[in-house]
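Each chain, letter by letter, is given below.
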Amino acid sequence: EDDFGDYGWEERTHGKLTKPADQLDLTEAELKEEVTRILTAENPHAPQNIVRYSFKEGAFKLTSVVDQLAVHFVLDGCLIHQDSDEARRLAANGGEDEDAGEDDRPDSVASKTNEQEPKCTNQFNFIERASQTLNNALRDRSCQTVPPPRCNYSATATQWEIYDAYTEELQKQEMKKDKQRAFQIKKDGDQNKKKILNETPNDDITPMAMPVTLLERMVNQNTCNDIAQDFKYFEDAADEYREQEGTLLPLWKFQYDKAKWMCVTALCWNEKYPDLFGVALGSYDFSKQGRGMLLFYTLKNSTFPEYIFPTGSGALSLDIHKRNSYLVAAGFYDGCVCVYNLKKKGPEPEYKSNAKTGKHTDPVWQVRWQNDDMDNKHNFYSVSSDGRVVSWTLIKNELVFSDTIRLTVADPDVGGTCFDFHKQTDSLFVVGTEEGKIHKCSKNYSSQFLETYAAHNMAVDAVKWNPYHPKVFISCSSDWTIKIWDHTVNTPMFTFELNAPVADVAWAPHSSTSFAAVTTEGLVHVFDLSINKYQAICQQPVVAKNKTKLTHIEFNPVHPIIIVGDDRGSVISLKLSPNLRKKPKGKKGQELPEGPEVETAKMEKLLNLLRDSEQSSVK
Amino acid sequence: MAGTGEGKKEEADYKRLHSFPLIRHTDMPEEMRVETMELCVTACEKFATNNESAAKMIKESMDKKFGSSWHVVIGEGFGFEVTHEVKNLLYMFFGGSLAVCVWKCS
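Sequence positions are assigned chain by chain, starting from 1 and proceeding in written order. As they are written, the chains are lettered A onward and the ligands numbered 1 onward, keeping that order. Per-residue local features are limited, in this predicted model, to residues with pLDDT of at least 70; the limit for side-chain atom pairs, both in listing and counting, is 80 or more; totals at the level of whole chains, interfaces and linings are taken over all residues. Only hydrogens and water are set aside; all other atoms, that is, all heavy atoms of the structure, feed into the side-chain values.

A few words now on unusual backbone geometry. In this model, Asn376(A) sits at a positive phi of 60°, which is unusual for a non-glycine residue. In this text, helices come from DSSP runs of H or I with a minimum length of four residues, and strands from runs of E with a minimum of two, each type numbered from the N-terminal end. Structurally, the position occupied by Asn376(A) is in the loop between strand S13 (364–370) and strand S14 (379–384). Even without glycine at this site, Lys87(B) takes up a positive phi of about 70°. Note that Lys87(B) resides in the loop between strand S3 (78–85) and strand S4 (89–94). We call a residue buried when its accessible area falls under 20% of the maximum for its residue type, exposed when it is over 50%, and partly exposed in between, using a 1.4 Å probe and counting protein chains only. Overall, the relative accessible area of 48% leaves Lys87(B) in the partly exposed class.

Okay, here's the thing in structure tokens:
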């Protein structure tokens, strides 16, 4: 009402009524006419014909309900009723909002979190303190090795490549075989030619010689193992229960088929290789002379000789050079002397004497190497039935001779059979003769004898100087005796009768008083004068008594064995039992002196005993 | 018929002739080569139908004998390019159809 009033007042104040332009012009009557209008709630502007499509009916349908409300003016106010719900809620929130507003600052968040978990520490004595020690400085060290060298390889393996490789290899092998065959055929052809030429098949096995020799020795060592054991270790225990006598243990027997009918005429040990010895083979039967042979055996192989030298004439003597052990001098039945060199191949001697160079006219019974002369030339001596003792010197490729002495000076028919040179005095030597005499000679006097001993009644078979005592030598003869001499006295010191022709005698290398002899009856006699002055301490038959004669004996320079040769070409080695090489017993606890002086003294003592007894008998 | 017979015979011949071990390439020292070759032959004969087992056997034996890091290839057809330590390679054929390559590389 207020509003209307204001509005009316303003129009009045303007004084005039303003009319809208479209106002109807009505008469008074029409103005006074009463028009009755009934007001309804219906909106006259609301549309009455709204249709909507109804999917249910499938057609447009008239909507009967129409919104009759018309809003002319809306204004939202900021005032709310005091008692309304919203007003009450606002009133409650507003009080809190005012408090929060004061504290609302940026740092408020942090302060809030700090407050949340306070730390609990000991509030009375809590001290927080930290320190850091010095750390050692770190250091790196490294090195790099050179890696093993590498390289690349690549290939492809396929069936066809494998096939090709095999085929190629087979072809190569085939080619090689062909070549060999061709070579062999060629060789055969050559050989055939050679055969035609000289009819000697070439079966040279020299490249195989060394291994074959080794194998042969191995086989022999196996087959003769027990003998080798005996040689090294067997000592006859029975000797302890015998007083003086000893025995000989047969070891190897050396035989060679082609030398079966020949007679052993000389034996000689090699000084450098004490297992090697030489054998000269010939014949002592003058109606059955023929070929001869020089054989060299070693103890390591008893079945076959190491060296074989067949000779045209029977060999009668042999000597191996002491220092140059490959040099071998030999004397023959036809009077020749030869020097063989074991280093050279072939059966021919390196030096040979002939009629021009003063060869003997009769069998050469003994040869003996001497020390090299002043020009350092090798030289040796020989003795022969023609009565000459000849010195031979090896000069370049020939033997130069010089007669040292002629035994025919005294008696034109006499021939030498054996000789031996003094061990110390180089020029002194004794010669045994066919008639039984022994001459003491010097190289310096070619025309006369220093002494002549009427030693034996038959030919002297061997003379040997004692290896220790400078005055003593021994001789043996076919007149059954062995005699020991002092060369200053012309009667024998000892005489032993062995009841059979004594073929050879030899001093033992280990003792001055010990020697051994063989008789043609097949016995070996071993003497030791320091043990028994009258009898042999061993008499042992070593071959069948009536069939075989023993001809020679030699002591091994090192081992306690002897070798004896017989007239069937075989050589037997025998081991001396302990009694046969016994040293004289000393008093208990007393060291026994050894050496050459002792041996000499031993012999001297014996000789003195004899002289004393002789003197006493003379008185 | 005759033709096939001959063919068979040839094949048998080939198998017989080509059965030996044939070293194709090696830089091993003599002793080692012989030993390795014998080992390969043994292994291939022992495992005639199983190359893998043969290779394994060879490898393990070689590792024991000559130190570790050996490699072995056995087969009827393969190609290879390998880096090996000098004096430690053997490449051989065996039994007419097998190729064996043994080398050391660590």
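Turning next to the interface of chain B and chain A. The criterion used for residue contact is that any of the two residues' heavy atoms lie within 4.5 Å. The interface is formed by 30 residues belonging to chain B together with 20 residues belonging to chain A. In short, buried area is how much 1.4 Å probe accessible area vanishes from two parts on joining, totalled over both. For the pair chain B and chain A, the summed buried surface comes to about 2300 Å²; carbon and sulfur atoms form 61% of the total. The term salt bridge refers to a pairing of a side-chain nitrogen on Lys or Arg with a carboxyl oxygen on Asp or Glu at a separation within 4 Å. The tally of links from chain B across to chain A stands at zero salt bridges. Any N or O atom pair separated by 3.5 Å or less is treated as a polar contact, with the protein-specific requirement of one donor-capable and one acceptor-capable atom, and with residues adjacent in sequence counted only for side-chain atom pairs. Counting across the chain B and chain A interface gives 15 residue pairs in polar contact (both at pLDDT 80 or more). For the side of chain B that touches chain A, the elements supplying multiple residues, two or more each, are helix H1 (2–17), strand S1 (22–26), S3, S4 and strand S5 (98–104) of chain B.

Okay, the UniProt feature "repeat: WD" (unreviewed entry) in chain A next. Under the local residue numbering, the UniProt record ascribes the feature "repeat: WD" (unreviewed entry) to residues 453–486 of chain A. Across residues 453–486 of chain A, the secondary structure splits into 0% helix and 59% strand, with the terminal C-alpha atoms separated by 11 Å. UniProt positions are given in the numbering used here, feature names are shortened, and annotations may be inferred rather than shown by experiment.

Below, the discussion takes up the nonpolar core. Grouping buried Ala, Val, Leu, Ile, Met, Phe, Trp, Tyr and Cys residues that are joined through side-chain atoms within 4.5 Å yields what is termed a nonpolar core. Counting 22 residues, the largest nonpolar core has Ile482(A), Ile484(A), Phe494(A), Phe496(A), Val505(A), Phe515(A) and Leu529(A) as the members making the most contacts within it. When residues in this core are grouped by element, the largest group, four residues, is from helix H8 (residues 596–618) of chain A.

Turning next to a nonpolar patch on the surface. Residues and elements named next belong to chain A. Here, patches come from residues exposed beyond 30% relative accessible area and free of salt bridges, joined within 9 Å for like charges and within 5 Å for nonpolar side chains (Val, Leu, Ile, Met, Phe, Trp, Tyr). What sets the accessible areas is the Shrake-Rupley method with a 1.4 Å probe; for residues, cover comes only from the shown protein chains. On the surface, Val51, Tyr53, Phe55, Phe60 and Leu62 cluster together to form a nonpolar patch covering roughly 620 Å² of accessible area. Counting only elements with at least two residues in the nonpolar patch, the list comes to strand S1 (51–54) and strand S2 (59–62). Note that Tyr53 resides in strand S1.

Right, let's get into the sheet that holds strand S22 (residues 472–477) of chain A. Residues and elements named next belong to chain A. Two strands are said to pair when DSSP picks up at least two bridges between them. If you walk across this open sheet you meet the four strands as S21-S22-S23-S24, and the pairing is antiparallel. Of all strands in the sheet, those with a lone pairing partner are strand S21 (460–465) and strand S24 (494–497), marking the two edges. Neighbour to neighbour, the strand axes of the sheet diverge by 15° on average, direction disregarded. Looking at chain direction, S21 and S22 are connected through five bridges and run antiparallel. Within the sheet, the bridge partner assigned to Val460 lies in S22 and is Ser477. Lines fitted to the C-alpha atoms define the axes, with helices restricted to the stretch that makes contact. Angles between their N-to-C directions range from 0 to 180 degrees.

What follows is about the packing of aromatic side chains. All names here are of chain A. In summary, the pairing rule links any two rings of Phe, Tyr or Trp, Trp by its six-membered ring, whose centres are within 6.5 Å, and it sorts them by plane angle into stacked for under 30 degrees, edge-to-face for over 60 and tilted for everything else. Evaluation of the coordinates by the stated rule reveals 34 aromatic pairs over all chains. Consider the rings of Tyr284 and Trp365, whose centres lie 6.1 Å apart with planes at 20°: the pair is stacked. Taken together, the positions of Tyr284 in the loop between strand S6 (276–282) and strand S7 (292–298) and Trp365 in strand S13 put the pair 81 residues apart, joining distant regions of the chain. Accessibility expressed as a relative area gives 29% for Tyr284, which makes it partly exposed.

This part covers the sheet that holds strand S12 (residues 351–352) of chain A. All names here are of chain A. Judged by pairing direction, the sheet is antiparallel, and its four strands sit side by side in the order S9-S10-S11-S12 without closing on themselves. One side of each edge strand has no neighbouring strand; the edge strands of this open sheet are strand S9 (315–320) and S12. The pairing of strand S10 (residues 327–332) with strand S11 (residues 337–341) spans five bridges and is antiparallel. Following the sheet pairing, Ala330 is matched in S11 by Cys338.

Here the focus is the pattern of salt bridges. With the rule as written, the count across this model stands at 17 salt bridges over all chains. Here Glu306(A) ties to Arg217(A) by a salt bridge, and the two come within 3.0 Å at their closest N and O atoms. Of this pair, Glu306(A) sits in the loop between S7 and strand S8 (307–311) while Arg217(A) is found in helix H6 (residues 206–223), placing the two residues 89 residues apart along the sequence. Judged by relative accessible area, which is 26%, Glu306(A) ranks as partly exposed. Notably, a salt bridge pairs Asp63(B) with Lys59(B), separated by 2.8 Å at the nearest N-O pair. Here Asp63(B) pairs with Lys59(B), and both are found in helix H3 (residues 51–66), just four residues apart, close to one helical turn. Judged by relative accessible area, Asp63(B) falls into the partly exposed class, the value being 21%. Residue Lys59(B) is classed as partly exposed on the basis of its relative accessible area of 28%.

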